[in-house]
Amino acid sequence: MSKIWKKLLLVIVIILCLFNVVKKIAYKNSLKEELKSSVEYIDKNGKGE
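Residues numbered from 1 in each chain as written. Predicted model: local features only at pLDDT ≥ 70, side-chain atom pairs only at ≥ 80, totals over all residues. Heavy atoms only, no water.

Caption draft 1: Spotlight on the overall build of the protein chain. Each helix and strand counted, the protein chain has one helix and zero strands in total. The dimensions of the protein chain, computed from C-alpha atoms along their principal axes, are 70 × 10 × 5 Å. Relative to its 49 residues, the protein chain shows a buried fraction of 0%. Summing over all exposed atoms, the protein chain offers an accessible surface of approximately 5100 Å²; the carbon and sulfur share of this is 71%. Put simply, the protein chain has 10 plus and 5 minus side-chain charges, and the middle of one group is 24 Å from the middle of the other. (Helix = DSSP H or I, 4+ residues; strand = E, 2+ residues; numbered from the N terminus. Buried < 20%, exposed > 50% of the residue type's maximum accessible area, 1.4 Å probe, protein only. Areas by Shrake-Rupley, 256 points an atom, 1.4 Å probe, with all protein chains shown as cover. Lys, Arg positive; Asp, Glu negative; His and termini not counted. Charge placed at Lys NZ, Arg CZ, Asp CG, Glu CD.)

Caption draft 2: Up close: a nonpolar patch on the surface. A contiguous nonpolar patch, built from Met 1, Ile 4, Trp 5, Leu 8, Leu 9, Ile 12 and Leu 16 and spanning about 790 Å² of accessible area, is present on the exposed surface. Mapped onto the elements, Trp 5 comes out in helix 1 (residues 2–48). Of the residues examined, Trp 5 reaches a relative accessible area of 49% and is grouped as partly exposed. (Patch = residues over 30% accessible without salt bridge, like charges linked within 9 Å, V, L, I, M, F, W, Y side chains within 5 Å. Salt bridge = Lys/Arg side-chain N within 4 Å of Asp/Glu carboxyl O.)

Caption draft 3: Focus on the environment of Ile 4. Within the element layout of this structure, Ile 4 appears in helix 1. Note on Ile 4: relative accessible area 57%, which makes it exposed. Remark: the alpha-carbon pair of Ile 4 and Lys 32, spanning 28 residues in sequence, is separated by 42 Å.

And the structure:
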């Protein structure tokens with residue numbers, strides 16, 4: 001019985017690690033786009049004044 005629980009927990013941990021990596025990659029890309037749009041917005045407003 002304990003072997004089943006260990007395997008189950010190991011699978012859950014692996015899935016969570018993969019999900020965390022994918023989430024960080026997706027967040028990194030969206031953060032990059034957000035920063036780029038913020039810089040463009042500041043640049044437009046800075047020149048307008």
